[in-house]
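Chain by chain, the residues:
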Amino acid sequence: MESIYVLPQTHIAPENREITLENCIGKTVLVIGSGGREHAIVDALSRSPQVSRIYCAPGNAGIGQQAFNVPLKDTDVEGLLSFARDNQVDLTVVGPEASLAAGVVDAFRAAGLAIFGHTRAATAIESSKEFAKELMGKYGIPTAAYRSFSSYDEAVAYVAGRPFPAVLKYDGLAAGKGVVIAQDLEEARAALASMLLDEAFGKGRVVIEDFLTGPEFSFLCFVDGERVYPMPLSQDHKRAFDGDKGPNTGGMGAYTGLPFITEEDRAFAYENILCKAAAAMAAEGRPLSGVLYGGLMKTPSGIKVIEFNARFGDPETEVVLPLLESDIYEIFEAVATGRPAPEPRWRDGVTLGVVLASKGYPGHYDKGFPIAGTESVDGCVYHMGTAFRDGQLVTAGGRVLMVVAGGTDVADARERVYREVAKIHCDNLFHRNDIAHCALEYHG
Ligand code: AMP
Ligand code: GLY
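Note that the structure is predicted; figures quoted are calculated from it, not measured.

J.: Can you walk me through the overall build of the protein chain in this structure?
T.: Secondary structure summary: the protein chain contains 13 helices and 23 strands in total. For 444 residues, the compact-globule estimate of 2.2 N^0.38 gives 22 Å, and the protein chain sits close to it at 21 Å. Taken over the C-alpha atoms alone, the protein chain extends approximately 70 × 50 × 45 Å along its principal axes. In the protein chain, buried positions account for 57% of the 444 residues. Considering only contacts in the protein chain between residues 6 or more positions apart, those separated by 24 or more positions represent 70%. Computing the positive centroid from 41 side-chain charges and the negative centroid from 58, the protein chain places the two 3 Å apart.

See the structure below:
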């Protein structure tokens, strides 16, 4: 087994991956998306001995150092399809839920092209909260009790008779903003009015569910029908500032090696949540063929589902995939073509990743600040929102970079990652200093 200290490096120029005599039978892969998650997918693919050319649509500045960026939007289904046909793409891998919801998998399949990702029908497990809740109810998958409403008056009447806090979820894709934890009736009314009367995210229903407590964690699996291949557990940090304070973000850091989830918990979640959900989706005629992401909580009454996602998580992917020892192309290709995949092998040790974000994020922030030092980082540097301006790397988004280091345990990985983060210099970035605090504060 390779040492965890030597995480794969993320600095290989795409021209190094051009077809040569030795790899002229190599595969061409198209990755759809443009964030840190897609950079981690491209990075994992670039370690495959079978892959000789990687395209990413639209990609980003960091991805462009390892793959060929293609200027196509991730929801431009026709454009992506033509590109894949014209460029002899052997396999396409979908990152974002928006591409899945736009039907990119259905279109590729109809055209006879291999693609890793769920059909639109299967993506409902993420895109419709109500569908997911009904599925869990029908198949006995543990989750918070709920009711769903399209009428504002009925929703208010229901929530008024329930304990607070109450959890209100818009039933559709809402770019991570569709969940409100209302502390009292006044807050609940305001949120319901915005979702059901003003239709802030469009016309839709609202799921109202009981508030659960306990540590949250992410359980990602590769799923092909009823075959479920687990990845290492991870934990995201959604709040902007240390101590889980400040506004919600797209994720400020993540790590693997969760001490508060026992092997028994993991086995329970695998059998009774992930495998059950995969079997349920197959039974409903919506078989899965990509990543199933269980957003889970360890509550005092057992492990329960907070949400399912139909894709790799961000920033979880950036800490999970560097641990993959197996050839990711083989897994993607097997799932895409409905064949059994070899059981994925994972490295020993853990990973920890810290996001560097623009000051002001997730609110207003400025762009275009020069970034120095990424090339001296010992570990992975995944780009989230960067650009090259006259050859200089500059900030170009809210979340800008994620630095990932490996270690023997969480404390070791944390020490290493902050040492590496300190090598990156930029006038307009901030990061959390307490990633994995839950793990380090946990004492059995
Ligand atoms: P979701 O988009 O469903 O993941 O919800 C966003 C966040 O809201 C979750 O990561 C949780 O922190 C919180 N949340 C959602 N549902 C519940 C619940 N039933 N009880 C407590 N917190 C919740
Ligand atoms: N890390 C949260 C998500 O990917 O939805």
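J.: Looking at this model, I keep getting lost on the pattern of salt bridges. Mind explaining?
T.: Working definition: two side chains of opposite charge can pair if their charged atoms are close together. This model, assessed by the stated rule, comprises 22 salt bridges. A salt bridge links Asp224 to Arg227, with the shortest nitrogen-to-oxygen separation between them at 2.7 Å. For Arg339, the salt bridge goes to Glu333, with nearest N and O atoms at 2.6 Å. Looking at Glu333, the relative accessible area reads 25%, which means it is partly exposed. One connected set of salt bridges, linked through shared partners, spans Glu97, Glu126 and Arg311.

J.: Would you mind showing me how to read the packing of aromatic side chains here?
T.: Each aromatic ring pair is described using two quantities: the centre-to-centre distance and the angle formed by the ring planes. In total, this model carries 13 aromatic pairs according to the counting rule given. With a centroid separation of 5.2 Å and an interplanar angle of 45 degrees, the aromatic rings of Phe149 and Tyr158 are classed as tilted. A relative accessible area of 3% means that Phe149 is categorised as buried. Put simply, the rings of Phe116, Phe222, Phe312 and Phe332 pair up and form one aromatic cluster. Over the aromatic face of Phe68 sits the side chain of Arg53, whose NZ or CZ is 4.8 Å from the ring centroid. Its end group placed over the ring of Tyr293, Arg311 keeps NZ or CZ at 5.9 Å from the ring centre.

J.: Is there a simple way to think about a nonpolar patch on the surface in this case?
T.: On the surface, a nonpolar cluster with roughly 230 Å² of combined accessible area is contributed by Val179, Ile181 and Phe211. Considering the arrangement of structural elements, one finds Ile181 in strand β8 (residues 179-182).

J.: Please explain the site of ligand 1 as it appears in this structure.
T.: Near ligand 1 there are 13 residues, and of these Glu209, Asp210, Leu212, Glu216 and Glu307 occur at the shortest range. With respect to ligand 1, the side chain of Lys169 contributes an N or O atom lying 3.0 Å from an oxygen atom. Between Asp210 and ligand 1, the recorded distance is 2.9 Å, taken from a backbone N or O atom to a nitrogen atom. Surface burial for ligand 1 is 85%, taken as the share of its 470 Å² of free accessible area covered by protein chains. Residue assignment for the shell around ligand 1 shows that the elements contributing at least two residues are β7 (166-170), β8, β9 (206-210) and β17 (302-309). In terms of residue class, the shell around ligand 1 is built from six nonpolar, no polar and seven charged.

J.: Explain the sheet that holds strand β3 (residues 68-69) here, please?
T.: Hydrogen bonds between backbone groups are what pair the strands of a sheet, and the pairing can be parallel or antiparallel. In space, the five strands of this open sheet follow the order β3-β2-β1-β4-β5, with parallel pairing throughout. Looking at which strands have only one partner, the edges of the open sheet turn out to be β3 and β5 (115-116). Lying over the sheet, helix α1 (residues 36-46) contacts β1 (27-33), β2 (51-58) and β4 (91-94), oriented at roughly 170 degrees with respect to β1. Relative to β1, helix α2 (residues 77-86) is tilted by about 165 degrees, and along the sheet it contacts β1, β2 and β4.

J.: Sorry if this is basic, but what is going on with the side chain of Glu38 here?
T.: Along the chain, Glu38 falls in helix α1. Polar contacts involving the side chain of Glu38 include one to the main-chain amide nitrogen of Gly35, which spans 2.8 Å. Of the polar contacts made by the side chain of Glu38, one reaches the side chain of Arg37; its length is 2.9 Å. Leaving out residues up to four positions away in the same chain, Glu38 has contacts with Val31, Ile32, Gly33, Ile63, Gly95 and Pro96.

J.: Got a minute to help me understand α1 in this structure?
T.: Most of α1 sits inside the fold, with eleven of its eleven residues counted as buried. When α1 is considered as a whole, its buried residues turn out to be Gly36, Arg37, Glu38, His39, Ala40, Ile41, Val42, Asp43, Ala44, Leu45 and Ser46.

J.: Would you explain the site of ligand 2 in this entry?
T.: Taken together, Asp236, Tyr293, Asn309, Arg311, Gly313, Asp314, Pro315 and Glu316 make up all the residues around ligand 2. One nitrogen or oxygen atom from the main chain of Asp314 is found 2.9 Å from an oxygen atom belonging to ligand 2. Interatomic distance of 2.7 Å between a side-chain N/O atom of Glu316 and a nitrogen atom of ligand 2. Taking 200 Å² as the accessible area of ligand 2 by itself, protein coverage stands at 88%.

J.: Quick question: what am I supposed to make of the pairing of strand β22 (residues 399-407) here?
T.: Side chains on a regular strand alternate between the two faces of the sheet. The element β22 is largely enclosed, with a buried count of nine among its nine residues. In this sheet, β22 lies alongside strand β18 (residues 350-358) in antiparallel orientation, the contact comprising eight bridges. When the bridges of β22 are listed, Leu352 appears paired with Ala405. Where strand β19 (residues 380-383) meets β22, four bridges bridge the pair, whose relative direction is antiparallel. Residue pairing for β22: Tyr382 is matched across the bridge by Met402.

What counts and what doesn't
- Residues numbered from 1 in each chain as written.
- Chains lettered and ligands numbered in written order.
- Predicted model: local features only at pLDDT ≥ 70, side-chain atom pairs only at ≥ 80, totals over all residues.
- Heavy atoms only, no water.
- Helix = DSSP H or I, 4+ residues; strand = E, 2+ residues; numbered from the N terminus.
- Rg over C-alpha atoms; globule rule 2.2 N^0.38 Å.
- Buried < 20%, exposed > 50% of the residue type's maximum accessible area, 1.4 Å probe, protein only.
- Contact = heavy atoms within 4.5 Å.
- Lys, Arg positive; Asp, Glu negative; His and termini not counted.
- Charge placed at Lys NZ, Arg CZ, Asp CG, Glu CD.
- Salt bridge = Lys/Arg side-chain N within 4 Å of Asp/Glu carboxyl O.
- Phe/Tyr/Trp six-rings, centres within 6.5 Å; stacked < 30°, edge-to-face > 60°.
- Lys NZ or Arg CZ within 6 Å of the ring centre and 35° of its normal.
- Patch = residues over 30% accessible without salt bridge, like charges linked within 9 Å, V, L, I, M, F, W, Y side chains within 5 Å.
- Areas by Shrake-Rupley, 256 points an atom, 1.4 Å probe, with all protein chains shown as cover.
- Near = heavy atom within 4 Å.
- Polar contact = N/O pair within 3.5 Å; in protein donor to acceptor, adjacent residues only side chain to side chain.
- Nonpolar A, V, L, I, M, F, W, Y, C, P; charged D, E, K, R; others polar.
- Pairing = 2+ DSSP bridges.
- Axes fitted to C-alpha atoms, helices over the stretch in contact; angles between N-to-C directions.

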